[in-house]
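Each chain, letter by letter, is given below.
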Amino acid sequence: MVVSSSNRREEGEPMVMPKVEAQEGVLVPPLNFAMVERGIYRSGYPIESNFGFLQTLNLQSIIYLCPEPYPEVNSKFLRSHGIKLFQFGIDGNKEPSVTIPKDVITEALRVLLDARNHPVLIHCNRGKHRTGSLVGCLRKLQNWCLSSVFKEYQQFAGVKARISDMRFIQMFDVSSLRHCPYSIIYQYQGYGVYSRRLVYKEDNSQKPQITSFFRLN
């Protein structure tokens, strides 16, 4: 049941969790950690030495994009801090003919757009492909131009960037998600026309109960 990763692991290969000891008083962020927007973060797979850092984020939930069971040590950390786990089983692969399932990304976006799940951390194994694809679709909702979306994706994927992921982002239709209850509305306001902050839409709809979503073949 233990899900782990070594420094040389590629997505889709068996995982072996590294044992990394954090120095006392030193906060160690997960691999590829970054802020996406206020209350939305992304990273690679958190390990035990990252837990102190994660506590500082006051997370409400984690969106986990791998099909493998969550490690017990991670699950125990989530339970002890009241953090919800939303698991969306997306297989890691390097085959250009195999794309990310659209229905899974759509459901993950619905959870991500629900402001009541914030602060939220999105992660897969390395925080590159599956995480980058989900964030890329979020950027389309924010009306980013594709060149900027791809630049951000490539910033995290590096030389491992996949044309299939970028094609998926380009073709993904976000129109059905623009009016989600409790979704994020991005408005330009504040100190100038380019100062942006998040405004949360209020709605009386029920909170989604989904905790995992796997594609059925």
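Computed from a predicted structure; not experimentally measured. (Residues numbered from 1 in each chain as written. Predicted model: local features only at pLDDT ≥ 70, side-chain atom pairs only at ≥ 80, totals over all residues. Heavy atoms only, no water.)

Draft legend 1. Here's a closer look at unusual backbone geometry. Residues H118 and P119 are joined by a peptide bond in cis, for which omega reads 0°. Inspection of the secondary structure assignment puts P119 in the loop between α3 (102–113) and β5 (120–123). Even without being glycine, N32 reaches a positive phi, approximately 60°. Its place among the elements puts N32 in the segment before β1 (34–37). (Helix = DSSP H or I, 4+ residues; strand = E, 2+ residues; numbered from the N terminus.)

Draft legend 2. Fine view of helix α2 (residues 72–80). Buried within α2 we find N74, S75, F77 and L78. Seen along its axis, α2 keeps its buried residues to an arc of 160°; they face one direction. In α2, the exposed positions angled more than 90 degrees off the buried face are occupied by K76, R79 and S80. Of the surrounding secondary structure, the elements contacted by the buried residues of α2 are α1 (51–55), β3 (61–64) and β4 (84–89). With its phi angle positive at about 65°, G82 sits one or two positions after the end of α2. (Buried < 20%, exposed > 50% of the residue type's maximum accessible area, 1.4 Å probe, protein only. Arc of directions from axis to C-beta. Contact = heavy atoms within 4.5 Å.)

Draft legend 3. Focus on helix α6 (residues 163–171). Listed as buried for α6 are S164, D165, M166, F168 and I169. Summarising the contacts, the buried residues of α6 are in contact with α3, α4 (129–141) and α5 (146–157).

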